[in-house]
Every structure is written in structure tokens, then in C-alpha cells.
Amino acid sequence: MPLVVNETSRRAERADRLNLPERMALDGLVLRRLRIGDEDAIFETYAADPDVCRWLGIKRLPNVENARGFVLRMQEAWESGSEYAYAMVETDDRLFGVISVRIDITTGTFGYVLARSHWGHGHASRALSALADLVLDQPDIWRVQAHCAVENPASARVMEKAGMSREGLLRRYVINPNVALTPTDAYLYAKVRD
């Protein structure tokens, strides 16, 4: 009888081998594991701002309780090894953004969001660059990637500054529900391990 390995057990095995820290200090930026208690800062700094949420793949959060649900889901995902969410904080531990990497067998897929007050300071590209390199150092991960709507050039610049290369145009790939409910084109960026 053949041995059947389901996706859950493969992720659990891989989670044991990943070596992602709960806290990282970068130049002028700290990344730490997202935790219960961050929901107020998430809601206040970016989740209620329509300009910030414009290009997110989820609707703008209507209240703090929804932000708490997001934090709880990210806690569970970290424990299962399927996704690792980091709060982007200043040295005083004030949260101003989130970056996460979803792990799918050999690939890490990134997403990130920053409060408008922190746009243009290089925080997202520094965080993405550091985490992409760390994830690519993991034994079973060969590729990291992220995408953005074609109409979102600021996000494309973040990925380019983080050392990712544009691989192509994904037609009708992403729905940004805060913009439209039909899929739009997206650019795919990636960095691979040789």
C-alpha cells in the first residue's frame, strides 16, 4: 500500500525545520512576531485608512474586533508553520505595518502593508529584503515571491529595491476589493536560490 502524505503533515514537518526568529532588528526598524494586543495599533495606523487599504486583497477592516480576528489567525498560522506575520515597529515598539510570508512547500509568498505616515522611508523594502534572504536560507525554500496590481507602482518599487526581479504580467490575477470586484492584472516579482 503506498504511503500517503497529506499537505497538513508536510507543512508540520517543514515547520519543524524552518528557523525564523520571532524578532529581528534592522537599521531603524524592528520586526517582531505579531501578537495579541497589536489589534488596536493595526486598526488605528492603517486598517481603517482607505488609501492604505486600497491595494490590499482584503476589504478594509470595519472595527478593532476584525483586526483582533486577523491577529488570532496569524498566531494560528505561525504555530502551524503556514504563515509568519511580523509587526513592523519602531524602537519604542509602536506598530506601523505588517509583513508576512506564507509558506507553500518550496515557496514563500510575501505580503506587506504600511501606515501612510511611514510611506517613502524604505521600511517595506528593508523588511522584505531581510526576510526574503532569511526565508531563502531555509533548507527547503527555493523561491520567494510577491505580486502587486499593475496600477500600484509604489509596491513594485518596494519589491525591486528588495532585490526581487519582475518575472511577468499575470492577467486578471488579483482582486483588490477596495478598488473593484473584478480581477485586474498584476506584476509578479521573485527572487530564487541558485
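The structure displayed is predicted, hence computed values, not measured ones. Every chain begins its residue count from 1, and numbering advances along the sequence as written. Reporting in this predicted model follows two pLDDT cut-offs: at least 70 for local features of residues, and 80 or more for side-chain atom pairs to be given and counted; totals over whole chains, interfaces and linings ignore these cut-offs and use all residues. No hydrogens and no water enter the side-chain calculation; it runs on all heavy atoms of the structure.

Remarks on the nonpolar core
Reasoning step 1: Each nonpolar core is a collection of buried residues, namely Ala, Val, Leu, Ile, Met, Phe, Trp, Tyr and Cys, held together in the definition by side-chain atoms within 4.5 Å. Summary of the burial criterion: residues with accessible area below 20% of their type's maximum are buried, those above 50% are exposed, and those between are partly exposed, where the area comes from a 1.4 Å probe applied to protein chains only. The biggest cluster of nonpolar side chains holds 54 residues, and the ones touching the most others in it are L34, I42, Y46, I99 and F110.
Reasoning step 2: Numbering goes from the N terminus for both helices and strands, where a helix is a DSSP run of H or I of at least four residues and a strand is a run of E of at least two. Among the elements that take part in this core, helix 5 (residues 123-136) stands out by supplying seven residues, more than any other.
Reasoning step 3: Here, residues are in contact when the closest pair of their heavy atoms is within 4.5 Å. When neighbours within four sequence positions are excluded, I99 is seen to be in contact with L31, Y84, A85, Y86, M88, F110, G111, Y112, A127, L128 and L131.

With respect to the layout of surface pockets
Reasoning step 1: Space inside and on the surface of the protein is sampled on a 1 Å grid over the protein atoms alone, with a cavity defined as a set of points where a 1.4 Å probe fits but cannot get out and a pocket as an open set with protein on both sides within 12 Å along at least 5 of 7 lines; lining residues have an atom within 4 Å of a point. Grid points are joined across faces, edges and corners, and a volume is the space filled by probe spheres set on the points. Estimates place the volume of the largest pocket at around 1300 Å³.
Reasoning step 2: Surrounding the largest pocket, 48 residues form its lining, W55, L56, G111, Y112 and V113 being those nearest its centre.
Reasoning step 3: Among the secondary structure elements, those contributing two or more residues to the lining of the largest pocket are helix 2 (39-47), helix 3 (50-53), helix 4 (64-80), strand 4 (95-104), strand 5 (107-114), helix 5, strand 6 (143-149) and helix 6 (153-161).
Reasoning step 4: Only Asp, Glu, Lys and Arg are considered charged in this grouping, and only Ala, Val, Leu, Ile, Met, Phe, Trp, Tyr, Cys and Pro are considered nonpolar; every other residue, Gly among them, is considered polar. Per-class residue counts for the lining of the largest pocket are 25 nonpolar, 14 polar and nine charged.

Details of the packing of aromatic side chains
Reasoning step 1: In this scheme Phe, Tyr and Trp rings, the latter by its six-membered ring, pair at centre separations within 6.5 Å, and the angle between planes marks the pair as stacked below 30 degrees, edge-to-face above 60, and tilted otherwise. Summed over all chains, the structure comprises two aromatic pairs.
Reasoning step 2: Centre to centre, the rings of W78 and Y84 are 4.9 Å apart; their planes meet at 70 degrees, and the pair counts as edge-to-face. Of the two residues, W78 and Y84, neither departs from the other in class, the shared state being buried.
Reasoning step 3: Measuring from ring centre to ring centre gives 5.3 Å for W78 and Y86, while their planes differ by 70 degrees; the resulting arrangement is edge-to-face. As far as the burial class goes, W78 and Y86 line up, both buried.
Reasoning step 4: An aromatic cluster is present here, built from W78, Y84 and Y86 joined pairwise through their rings.

Observations concerning the pattern of salt bridges
Reasoning step 1: Only one rule defines a salt bridge in this text: a Lys or Arg side-chain nitrogen within 4 Å of an Asp or Glu carboxyl oxygen. A full pass over the atoms with the stated rule returns 14 salt bridges.
Reasoning step 2: Note that R68 is salt-bridged to E39, the shortest N-O span being 3.1 Å. Taken together, the positions of R68 in helix 4 and E39 in helix 2 put the pair 29 residues apart, joining distant regions of the chain.
Reasoning step 3: With a relative accessible area of 36%, R68 lands in the partly exposed category.
Reasoning step 4: Residues R94 and E90 are paired through a salt bridge, measuring 2.6 Å at the closest nitrogen-oxygen approach.
Reasoning step 5: For R94, a relative accessible area of 49% corresponds to the partly exposed category.
Reasoning step 6: Here E90 falls in the partly exposed class, since its relative accessible area comes to 21%.
Reasoning step 7: A single network of salt bridges, built from pairs that share partners, joins R32, R35, D38 and D93.

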